[in-house]
Structures are given as C-alpha cells and as structure tokens.
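Survey of secondary and tertiary structure
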Amino acid sequence: MDDVAGSAALGGSYPQKNAEILSSQYGINLFLAGLLLTFAWAVHAVGISKSHLLSYLITLMLIQLLWMLWYLCRSCTQRRLIRDKDTHAGARWLKCGITLFAVITLILDSFKIGYYIDFSNCLSPTEGIFPVTHAVHTILQVYFLWCHAKDVIQSFKTLERFGVIHSVFTNLLLWTNGVLTESKHQLNEHKERLITLGFGNITIVLDDHAPQCNCTTTTLCSIFSQGIYYLYPFNIEYHILASTMLYVLWKNIGRKVEHHQQNKTPFKFHGITVGMIFGLIVLTSTIAIVVVYLIQIGGSKIKSELALTMFYLHAIFVLALMCTAGIVALLIYRLEDRSLDNSKNPARKLDAELLVGTAAGSWLLSWGSILAIICAQAHPKYTWYNLPYSVLVIIEKYIQNLFIIESIHREQEKVNDDIKTLRIVTISRGTTLSLTPLYKEIYNGRAARDPGEVPCLFKGSIYGRENDEADVAKEEVSQDNSSALHSASDFSFYSRNSVTNNKRRILKNIAAFLFLCNLSLWIPPAFGCRPEYDNGLEEIVFGFEPWIIVVNLAMPFSIFYRMHSAASLFEVNCKT
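Here the structure is a predicted model, which means the values were calculated and not measured. (Residues numbered from 1 in each chain as written. Predicted model: local features only at pLDDT ≥ 70, side-chain atom pairs only at ≥ 80, totals over all residues. Heavy atoms only, no water.)

Here we come to the overall build of the protein chain. On a plain count of helices and strands, the protein chain comes out with 16 helices and 2 strands. Expressed as a percentage of its 576 residues, the buried residues of the protein chain come to 46%. The long-range fraction of contacts in the protein chain, counting pairs at least 24 apart against all pairs at least 6 apart in sequence, stands at 87%. Carbon and sulfur atoms form 65% of the exposed surface of the protein chain, whose accessible area is close to 29,900 Å². (Helix = DSSP H or I, 4+ residues; strand = E, 2+ residues; numbered from the N terminus. Buried < 20%, exposed > 50% of the residue type's maximum accessible area, 1.4 Å probe, protein only. Contact = heavy atoms within 4.5 Å. Areas by Shrake-Rupley, 256 points an atom, 1.4 Å probe, with all protein chains shown as cover.)

Shown next as structure tokens:
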C-alpha cells in the first residue's frame with residue numbers, strides 16, 4: 001500500500017514539473033522574441049520601427065492585465081479560504097520601495113504622454129498608447145504585488161504558472177527597453193563630449209531617434225525630453241524589482257510551506273547613529289561629486305581630467321571604508337557561534353544568486369580597465385587612479401557579498417537579548433532588598449516560589465507590616481545567604497549580554513553604513529556619471545565600438561547590484 005501511495009504521489013508530481021518546464025520555456029521564448037525585436041530597432045534594421053516594438057510590449061502588458069484581473073477576481077470570490085503564505089516573500093519594506101519607484105514611473109509616463117502630444121504630428125499612435133497602457137499596468141501590478149506577493153498558489157497551478165511567468169518576462173522586457181533607451185541617450189551625450197574634446201581618431205555618429213518635426217511648445221518639449229531621461233533609472237529599478245517578486249511567486253506555486261511563526265523584524269533607528277552619520281556624509285559628498293562631475297566633464301580637456309581625478313579619489317576612499325567595514329563584520333561573525341538556516345527559501349536563494357550574478361557586470365568592467373592600464377602605451381596621469389579604483393571595486397563586492405549572504409542565512413536568536421530583569425528595590429529600615437530571580441528561572445518561565453505562594457512584592461509591602469522583628473531577621477538572613485549566588489549569576493548573564501549587545505550594535509551600524517554607501521554608489525552611474533565612458537583609455541585599447549558594447553551590457557547589472565545590495569542590507573539591519 002505504501003508503495004502504491006508513493007507511486008501515486010510521485011506520478012502526481014510529474015504534471016506539475018512538466019508545467020514548470022513548459023511555462024519557463026514559454027517565458028524564455030517570449031523574452032528572446034522581444035529582445036531580438038528591441039535589438040533590431042536599436043540597430044535600425046530594415047522594416048523594423050519603434051512602433052513594432054511598442055506594439056509587442058503593449059500586447060504583453062494587456063495579456064498580463066487580463067491575467068491579473070482574473071486572479072484578483074478569483075481571489076475575491078475565495079477570500080474566506082485560508083491560503084498558504086510565504087512569510088519570507090514580499091517584505092513590507094520591499095513593497096514600499098517598489099511603490100516609490102512605481103510613483104516615479106507614473107510621472108515618467110505622464111511626461112511621455114505630454115511628449116507625444118507635443119510631437120503628435122510625426123509620431124506613431126503607439127507612442128501615445130504605450131505610456132497610457134504602461135500607467136494602468138503599473139497601478140494594477142503594484143496593487144497585485146501588495147496583496148498577493150506572499151501567496152503560495154495551490155489551485156489552477158498550470159494556468160497560474162503561465163500567467164506568472166508571462167508577467168516575469170514582460171517586466172524583464174520593459175526593463176530591457178528602458179535600459180536600452182537610457183543607454184542610447186547616455187551614449188549620445190558621451191559622443192558629444194568626445195567631439196568637444198577633439199577625438200579625431202574615433203568615428204563618431206550620433207544615434208538619433210528624435211522626431212522629424214517641430215514641437216508645438218518648445219519649452220514643454222525641452223522639459224519633457226530632458227526630464228524623461230532623469231526618471232528612467234527609477235523606472236528601470238521598478239521593473240527589475242517587480243520581476244524578482246513575481247519570480248518568487250512563480251517558484252512558490254505548488255510548494256509545501258512549513259507552518260511556523262515568523263518573527264517580525266521592524267526597522268529601528270535606535271543604536272545605529274554612528275553608521276547613519278558616516279553614511280549620510282558619504283551620500284552628501286557623493287551627490288556633490290556627481291553634480292561637479294556632470295558640470296565639468298566635456299567642458300575642456302583640463303576640466304574633464306580634473307573631474308575624473310576627483311571622482312576616482314572619492315570612490316577609492318569610499319570603497320576602502322566599505323571594505324574595512326565588511327571585514328570587521330565578517331570577523332565578528334567568526335567570533336560568534338550561531339548556526340545557519342539551510343531551509344528551502346526561494347526568496348533568500350534568489351537574493352544570493354542576484355548578488356553574485358549582477359556583481360559580475362562591474363567585475364567585467366573592472367577587469368577591462370585593469371587590462372587596459374597594463375596594455376596601454378601612453379598613460380595620462382588621471383588613468384593611474386583607475387587602477388586602485390578597479391581593484392577595490394572587485395574586492396569590495398567580494399567582501400560585501402560574503403557579509404550579506406551569511407547574514408541572510410544566519411538563524412535569528414531564539415531569546416531576545418533585550419530581556420530586562422525586573423528589580424524591585426524596597427527600602428525598609430535602611431536595608432536594600434534585591435528581589436531579582438535568576439535568569440534561568442526567567443528563561444524557563446517560572447518563578448522561584450511554590451504554587452500558590454504570594455509574590456515577593458506583596459511580602460515586602462503589605463504583609464511585611466504585620467511581621468515582627470524575628471520574621472524580618474529571618475528574611476534578611478535568607479537574603480544574605482543567596483546574595484552570593486544571585487550576584488554571580490547576574491554578573492555572568494550581564495557580561496554575556498553586554499558583549500552580545502555590543503556585537504549587535506556594531507553589526508547594525510555596519511549594515512546601516514553599507515546601506516547608505518550602496519545608495520551613494522548607485523547615484524553616479526544611474527544619473528550619467530560614468531567614467532567607464534569618459535576615461536578614454538579603454539576605448540583606445542579595445543576600440544570604441546567594442547568597449548561601448550561591453551559597457552552597455554555590463555552597466556545595467558552594475559547599477560542594479562547597488563540597489564539590490566541596499567535592499568538586502570536593509571533586511572540585514574532589521575534582522576540583526
């Protein structure tokens with residue numbers, strides 16, 4: 001009978017495994033078709049226009065909208081049913097972050113609508129339909145993720161697998177489209193700076209996708225066209241976050257969840273003052289460096305070299321601090337004896353894989369810069385700063401990945417270190433009575449008294465008034481006999497507790513500092529401060545087009561790494 005039951009259970013798992021494989025292949029083919037269409041538009045392929053790409057994306061978004069509406073309606077009809085939830089997925093801070101990015105994405109869509117209205121005479125109707133569809137898609141998707149990111153789907157599993165994976169790759173294609181559009185804009189600005197600096201040995205042709213007609217209101221057109229590219233970094237982060245949350249939902253379909261209470265880990269500012277102060281200093285200085293860099297770069301050769309030198313020196317200092325903080329945190333972990341949580345957790349596994357996978361983008365750029373410095377025949381002075389910068393980028397991400405991955409895998413302490421023992425001090429005839437029970441008694445949830453015995457508090461306040469001198473003397477003798485044992489136990493407990501709290505405080509400050517540092521290092525590449533473009537040495541060694549292709553492929557992953565690291569470090573701070 002057991003063999004028959006096991007065979008039935010095994011046989012029942014095959015259809016679901018096949019559904020998982022089929023849905024993943026469907027998503028990959030969907031993505032590859034869109035990726036090829038995006039590439040064809042980018043290289044001006046014959047017969048492929050932007051309207052074809054936008055029509056494809058609009059179709060995908062409409063299909064996802066239909067699926068989400070069906071899922072929401074079905075959930076409303078079954079709202080009284082008890083559903084399994086993955087407590088690790090869809091954290092509240094993650095939902096708040098994606099909501100913030102979605103709000104800025106809606107502003108971007110409104111700018112695109114205004115841009116289309118001003119150039120409506122020569123733009124395809126799809127360029128007006130796309131931002132409207134995208135805005136509706138954004139609103140409904142954020143609502144869906146807020147309500148159902150933790151769901152463990154157990155019904156209509158085959159259909160749901162296709163619906164969720166369709167949503168994952170739709171967001172990935174929208175992310176790809178945003179990355180390509182923003183990269184083309186950055187590349188045009190870089191080419192214009194090269195023209196200003198007089199690089200005559202590089203063939204420079206601007207990739208112009210501007211409308212071939214006049215704007216109805218010049219001022220608004222300038223605001224819309226410039227504002228769109230400053231908002232693209234937030235749109236890019238929104239879609240990659242949405243795709244990761246949906247991927248976790250897809251992995252959870254049909255999963256058997258262990259039912260246990262998940263401890264809530266709210267974020268607290270208490271105890272992280274030092275890390276926040278140093279992190280805010282880094283954040284403020286980084287914003288100032290980016291502003292000066294964007295003003296100075298491309299103005300003249302001297303100004304550009306000064307801007308690059310300033311950027312490299314600041315980045316070297318920040319990366320060195322981050323490496324030091326990460327090493328200190330890892331040393332503290334080595335001094336602690338705490339086991340790792342190796343239970344199955346799709347969200348945690350995806351976080352670790354994304355950290356290592358996206359770090360490869362900046363590692364590729366760093367090794368390219370190191371190789372260019374070694375192989376170049378001429379070395380302008382500012383290029384030597386690129387060598388320690390590239391080396392520190394590799395080391396810092398290596399250390400930070402170790403710290404984050406170990407932090408999210410460490411088991412939380414079962415006992416709250418903030419337990420405060422109750423001390424009631426009663427002054428009676430000049431004698432101080434300590435009524436503190438042993439820590440072991442508190443931990444085991446019992447008091448050092450017999451059943452039915454009146455607590456010491458009442459003995460010292462109410463009944464003590466009726467006791468005679470003999471009773472008081474006996475109580476004092478008994479208290480003196482146990483004082484040595486109590487004081488020794490209290491001392492060992494408080495010493496251990498003090499050391500543990502100090503370690504936790506240091507780790508929380510390190511996590512807060514690294515969180516703000518990663519936000520700081522996300523800002524420069526996201527808003528156009530990219531020395532990999534402006535350095536010039538790599539383009540001479542590898543050639544202009546090959547190096548630009550490498551940068552355009554690797555930079556989106558490098559940018560996403562910083563935002564994902566910041567999100568992971570926020571979680572580490574909450575758990576520590």
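Time to look at the environment of S51. As for its placement among the helices and strands, S51 is situated in helix 2 (residues 50-77). Placed 72 residues apart in sequence, S51 and L123 show a C-alpha to C-alpha distance of 9.1 Å. If sequence neighbours within four positions are ignored, S51 has contacts with S124 and T126.

As a packed pair, helix 6 (residues 218-251) and helix 9 (residues 346-375) sit with axes 9 Å apart at the nearest point and diverge in direction by 135°. Classed by the angle they form, the pair helix 6 and helix 9 counts as oblique. Between helix 6 and helix 9 lies a crossing whose hand is right-handed. For the pair formed by helix 6 and helix 9, the contact residues are T244, Y247, V248 and K251 on the first element and P346, A347, L350 and L354 on the second. For the contact of helix 6 with helix 9, the per-class residue count stands at 6 nonpolar, 1 polar and 1 charged. (Axes fitted to C-alpha atoms, helices over the stretch in contact; angles between N-to-C directions. Parallel < 35°, antiparallel > 145°, perpendicular 65-115°, else oblique. Left-handed = near helix turned anticlockwise from the far one by under 90°. Nonpolar A, V, L, I, M, F, W, Y, C, P; charged D, E, K, R; others polar.)

What follows is about empty space enclosed by the protein. One pass over the structure, following the stated rule, counts 3 cavities of 30 Å³ or more. The volume enclosed by the largest cavity comes to roughly 370 Å³. Lining the largest cavity we find 29 residues, and of these F311, Y389, V393, E532 and S558 sit closest to its centre. Of all elements in the fold, only helix 7 (273-296), helix 8 (301-335), helix 9, helix 10 (386-409), helix 13 (469-526), helix 14 (531-534) and helix 16 (544-575) reach the threshold of two or more residues within the lining of the largest cavity. Looking at the lining of the largest cavity residue by residue, the class counts come to 16 nonpolar, 9 polar and 4 charged. (1 Å grid on protein atoms, 1.4 Å probe; cavity = no way out; pocket = protein on both sides within 12 Å on 5 of 7 lines; lining within 4 Å. Points joined across faces, edges and corners; volume = space filled by probe spheres on them.)

Moving on to the nonpolar core. Counting 122 residues, the largest nonpolar core has F144, M322, Y389, F403 and L514 as the members making the most contacts within it. Among the elements that take part in this core, helix 6 stands out by supplying 16 residues, more than any other. Excluding its chain neighbours within four sequence positions, the residues that come into contact with M322 are E396, Q400, F513, L514, C517, N518, L521 and R562. (Core = buried A, V, L, I, M, F, W, Y, C linked by side-chain atoms within 4.5 Å.)

Between helix 9 and helix 10, whose axes approach to 9 Å, the crossing angle comes to 170°. Of the possible angle classes, the one that applies to helix 9 and helix 10 is roughly antiparallel. Here the residues of the contact of helix 9 with helix 10 are counted per class, giving 16 nonpolar, 7 polar and 3 charged.

Inspection of the entire model under this criterion finds 21 aromatic pairs. Relative to Y312, the ring of F311 lies with its centre 5.9 Å away and its plane at 70°, an arrangement referred to as edge-to-face. Accessibility expressed as a relative area gives 8% for F311, which makes it buried. Look at Y312 and you get buried, because its relative accessible area is 1%. One aromatic cluster is present, built from ring pairs that chain together F101, F234, W522 and F527. (Phe/Tyr/Trp six-rings, centres within 6.5 Å; stacked < 30°, edge-to-face > 60°.)

Counted at 1.5 Å a residue, the expected span for helix 7 with its 24 residues is 34 Å, and the 35 Å between its end C-alpha atoms agrees. Residues of helix 7 that are buried: G275, M276, G279, V282, L283, T286, I289, V290 and Y293. (Expected span 1.5 Å × (residues − 1).)

Taking 1.5 Å of rise per residue, 34 residues should cover 50 Å, and helix 6 covers 49 Å from first to last C-alpha, within 8% of that figure. When the local axis directions of helix 6 are compared, the greatest deviation, roughly 40°, occurs at L231, which is followed within four positions by the proline P233. (Bend = angle between axes of the 7 residues up to and from the residue.)

With that settled, consider the pattern of salt bridges. Scanning the model with the defined rule gives 5 salt bridges in all. The salt bridge partner of K251 is E20, with a shortest N-O separation of 3.9 Å. With K251 in helix 6 and E20 in helix 1 (residues 2-42), this residue pair connects regions lying 231 residues apart in the sequence. (Salt bridge = Lys/Arg side-chain N within 4 Å of Asp/Glu carboxyl O.)

Mapped onto the secondary structure, A376 falls in the loop between helix 9 and helix 10. When neighbours within four sequence positions are excluded, A376 is seen to be in contact with L537 and V541.

The next point concerns the confidence of the model for the protein chain. Caution applies to low-pLDDT parts of the model: their predicted coordinates are not meant to be read in detail. Taken as a whole, the protein chain shows an average pLDDT of 77; of its residues, 73% reach a score of 70 or greater. Ranking the elements of the protein chain by mean pLDDT puts strand 1 (residues 425-428) last, at 39, and helix 4 (residues 126-148) first, at 93. Taken together, the stretch residues 1-11 has pLDDT below 50 and engages in 0 contacts with residues farther than four places along the chain or on a different chain. pLDDT under 50 marks residues 415-470. Its contacts with residues more than four places away, or in other chains, come to 51 contacts. (pLDDT = per-residue confidence, 0-100.)

Counting through the fold element by element, H137 comes out in helix 4. Other than its neighbours up to four places away in sequence, H137 contacts M61, Q64, L65, M68, T170, N171 and L174.

Another aspect to go through is the side chain of T176. By the element assignment, T176 lies in helix 5 (residues 157-197). At a separation of 2.8 Å, a polar atom in the side chain of T176 contacts the main-chain carbonyl oxygen of L172. Those residues within four positions of T176 in sequence are excluded, and the remaining contacts are F31 and L35. (Polar contact = N/O pair within 3.5 Å; in protein donor to acceptor, adjacent residues only side chain to side chain.)

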